[in-house]
Each structure stands twice: as structure tokens, then as C-alpha cells.
Amino acid sequence: MSSPEHAAPTGAEQSAPYGAGAPEQSTSLTPKRVRTVHLQQFKETGQKFSMLTAYDAMIAGVFDEAGIEVLLVGDSAANVMMRRGTTLPITVDEMLVFSKSVVNGASRALVVADLPFGSYEASPAQAVETGVRFLKESGVHAVKMEGDATMAPQVRAMVSAGIPVVGHVGFTPQSEHAMGGYRVQGRGEAAAQVLADARAMEEAGAFSVVLEMVPSEVAAEVESALRIPTIGIGAGNATTGQVLVWQDMLGLNNGRLPKFVKQYADLRGVISSAVSSYRRDVLSGEFPAPEHGFE
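Predicted, not measured: the structure shown is a model, and the values here were computed from it.

**As for the nonpolar core**
- Ranked by size, the top nonpolar core spans 60 residues in total, and within it Phe-63, Leu-71 and Phe-134 carry the most contacts.
- When near neighbours in sequence (up to four residues on either side) are disregarded, Phe-134 contacts Val-92, Met-95, Leu-96, Ser-99, Ala-113, Asp-114, Leu-115, Pro-116, Gly-139, Val-140 and Val-143.
- Grouped together as the second largest cluster of nonpolar side chains are 16 residues, Phe-42, Phe-49, Val-112 and Ile-233 included.

Okay, structure coming up:
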């Protein structure tokens, strides 16, 4: 029997527009509750979808209301929330806390959680055990795992156990040491390997595949070759979906941005200015003013 995530959508789910109160959107319609089957429909009809990372309920709620179709609880939390140098140190228990929070904040987006390094590589059984924990303990709708074709048995086992899976090929941050750092993958003869890895994820049952830091032409070839949607990050514009780390695209990080990031706001500057104004008012005695007190 198919799991609810793969069940056919109802008529309301197929045609319902963005929820009341959401900012004005494009003419494309999206379901009231985004499920894996809808991403497949987007692929088949040529509709794009957006994905952003989220790590807490408040931000998840903002992005959900704005119409973001997929929220990724990324292991990038190790970098942007914990200021660790890589994604490698974050644990399953830490990721579960972030995942629960995002699920609590989202009412319509599909929520996907990264499986952290060391939680799935050893065997298909380990992958299933970790995937089950994420679905049961945090309430996420799917998990994402990095790896090439050698990880196909893990994907197959999780899908067989009823765990929806997103694959992740090309540059895989959990393998940055093995790859020699942050390097574009799939140039020249290596393009065939990216395609082979993506196909292996599809054949194993993944419902989507992330393509990270691969040449645009290679990503376009993979998108065309696969029946399932691809999600790009530094992979050009041909993929069905796009994903970014939200702190990058909203200007909260103060480091050098990757080439593939478009910065849509300078939240760091806005927050810094506001906090400086608050401190100045406190030191001068202007805050709290009489209207902020009680009689």
C-alpha cells in the first residue's frame, strides 16, 4: 500500500491557490498542502518550485506564509546556527530538534530534513533506522541524503520502508574532505558520473534529486533525463526547483557569498541598525518611555 505522501491528491489539493493572507503570488497555483506528488506534477507540467532552508518555527512560518513550497531542515544548521566550520559535526539528536521546530512552524510546505553525516552510510538498515526516527520523532515529511550511486541501496531500503527520500549528488558537503574542498563537480568527462548518480537515485525510488555546484549544461541534461524533478543549487536555471540557504539569500551572513547566491535583502544591516538604536535609547534613558510602563 502506498504511503499518504504518495497518495493521489484530491481535487482541492490539485487546484487550491495559496492560502488567504499570503503575499501575492504568480499565476501558478499550488496546493493547500504540498506533498511529494505535487512536486512530480510540477515537473510534468513545467512549473517551477522554490525551496529554502529553515531551522526554527518562526522563520518556517514566515516562509510558509510567503508560499515557499519546500522547507529544508539542512545540516547547514551546523554552519549558520552553530558556527561550526563544516556540516560534519551535527548529530541526529541536534537535527531532530531543528526539524521539530520547523514542522511546528509550517502548515502547508513540504518539510524535508537532512540526514547528518554518519547516520546512514554504514548500511541500508542504519539508513532506515535514522529515517524512521526523523519521520516519527520530528514529523518531517521526507528526508534528504547525500551520496553517489553507491548509496542507492540505502535509498531503496528507506523508500521500501515508507520513507520518502530526496537524493543529493554533484558536490556533497558531507564529503568535502574527500572531494578536496568546495569544488564544482561534473566538468568534462565527470559529467557522465553526475548523470549516473542521479539516475541511480531515481531508480532506487527517490522522489527528487538535488544537484549542487554542477555546470548548468550538465544540470539541464540531468533534468531532461530524469522523470523526477531536480532541485538546483549552483546548477543553473533548468532544474524544476531551486534551493538556497536563507541566511545567504537574505544577507544575514557576513562572509563571502557563493557565486550561485542572489542576495534579496540585507537583514544583517537592518538588524544591526535596529539593535544599535535600541542600545542608544537605553543608554540615554529614552527607553523605556512612560508609555512603556505600568501605573
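What follows picks up the thread again.
**Digging into the UniProt feature "binding site: Mg(2+)" (unreviewed entry) in the protein chain**
- According to UniProt, the "binding site: Mg(2+)" (unreviewed entry) feature falls on Asp-75, Asp-114 and Glu-146. Across 72 residues of sequence, these annotated residues stay compact in space, with a maximum C-alpha separation of 10.8 Å.
- By relative accessible area, which is 3% here, Asp-114 ends up buried.
- With residues near it in sequence (within four places) discarded, Asp-114 still touches Leu-72, Val-73, Gly-74, Asp-75, Met-95, Phe-134 and Lys-144.
- Relative to the elements of secondary structure, Glu-146 occurs in strand 4 (residues 142–146).
- Ignoring sequence-local partners within four residues, the contact set of Glu-146 consists of Asp-75, Tyr-120, Met-151, His-168, Thr-172, Pro-173, Gln-174 and Ser-175.

**Examining the environment of Leu-211**
- Of note, Leu-211 is situated in strand 6 (residues 208–212).
- Taking relative accessible area as the criterion, Leu-211 reaches 0% and is therefore assigned buried.
- C-alpha separation for the pair Leu-211 and Gly-236, spaced 25 residues apart in sequence, amounts to 9.6 Å.
- Residues in contact with Leu-211, not counting those within four places in the same chain, are Val-169, Ala-219, Val-222, Thr-230, Ile-231, Gly-232, Ile-233, Ala-235 and Thr-239.

**Points about the environment of Gly-74**
- Turning to its location among the elements, Gly-74 is positioned in the loop between strand 2 (70–73) and helix 4 (77–80).
- The exposure class of Gly-74 is buried, given its relative accessible area of 0%.
- Linking Gly-74 and Ala-54, residues 20 residues apart in sequence, is a C-alpha distance of 7.3 Å.
- Not counting residues up to four positions away in its chain, the partners in contact with Gly-74 are Ala-54, Tyr-55, Met-95 and Asp-114.

**Describing the packing of helix 3 (residues 57–66) against helix 5 (residues 92–105)**
- Helix 5 packs onto helix 3 with a crossing angle of 40° between their chain directions and a minimal axis gap of 7 Å. Here helix 3 is positioned oblique relative to helix 5, judged by the angle of their axes. Helix-helix and strand crossings are classified by hand; for helix 3 and helix 5 the assignment is right-handed. Residue-level contacts link Ala-57, Ala-60, Gly-61 and Asp-64 of helix 3 to Ser-101, Val-102 and Gly-105 of helix 5.

**What to know about a nonpolar patch on the surface**
- Residues Tyr-278, Val-282, Leu-283 and Phe-287 make up a contiguous nonpolar surface patch of about 390 Å² in total accessible area.
- Along the chain, Val-282 falls in helix 12 (residues 267–284).
- Owing to a relative accessible area of 36%, Val-282 belongs among the partly exposed residues under this scheme.

**Considerations on the UniProt feature "binding site: 3-methyl-2-oxobutanoate" (unreviewed entry) in the protein chain**
- According to UniProt, the positions carrying the feature "binding site: 3-methyl-2-oxobutanoate" (unreviewed entry) are Asp-75, Ser-76, Asp-114 and Lys-144. The named residues occupy 70 residues along the chain; their greatest pairwise C-alpha distance, 12.5 Å, places them in one compact cluster.
- Within the secondary structure, Ser-76 sits in the loop between strand 2 and helix 4.
- What Ser-76 contacts, discounting residues up to four positions off in sequence, is Thr-53, Tyr-55, Met-81, Thr-87 and Val-245.
- In this structure the side chain of Ser-76 is engaged in a polar contact, spanning 2.6 Å, whose partner is the side chain of Tyr-55.
- Of the polar contacts made by the side chain of Lys-144, one reaches the side chain of Asp-114; its length is 2.7 Å.

Rules and cut-offs
Residues numbered from 1 in each chain as written. Predicted model: local features only at pLDDT ≥ 70, side-chain atom pairs only at ≥ 80, totals over all residues. Heavy atoms only, no water. Core = buried A, V, L, I, M, F, W, Y, C linked by side-chain atoms within 4.5 Å. Buried < 20%, exposed > 50% of the residue type's maximum accessible area, 1.4 Å probe, protein only. Contact = heavy atoms within 4.5 Å. UniProt positions renumbered as here; feature names shortened; annotations may be inferred. Helix = DSSP H or I, 4+ residues; strand = E, 2+ residues; numbered from the N terminus. Axes fitted to C-alpha atoms, helices over the stretch in contact; angles between N-to-C directions. Parallel < 35°, antiparallel > 145°, perpendicular 65-115°, else oblique. Left-handed = near helix turned anticlockwise from the far one by under 90°. Patch = residues over 30% accessible without salt bridge, like charges linked within 9 Å, V, L, I, M, F, W, Y side chains within 5 Å. Areas by Shrake-Rupley, 256 points an atom, 1.4 Å probe, with all protein chains shown as cover. Salt bridge = Lys/Arg side-chain N within 4 Å of Asp/Glu carboxyl O. Polar contact = N/O pair within 3.5 Å; in protein donor to acceptor, adjacent residues only side chain to side chain.

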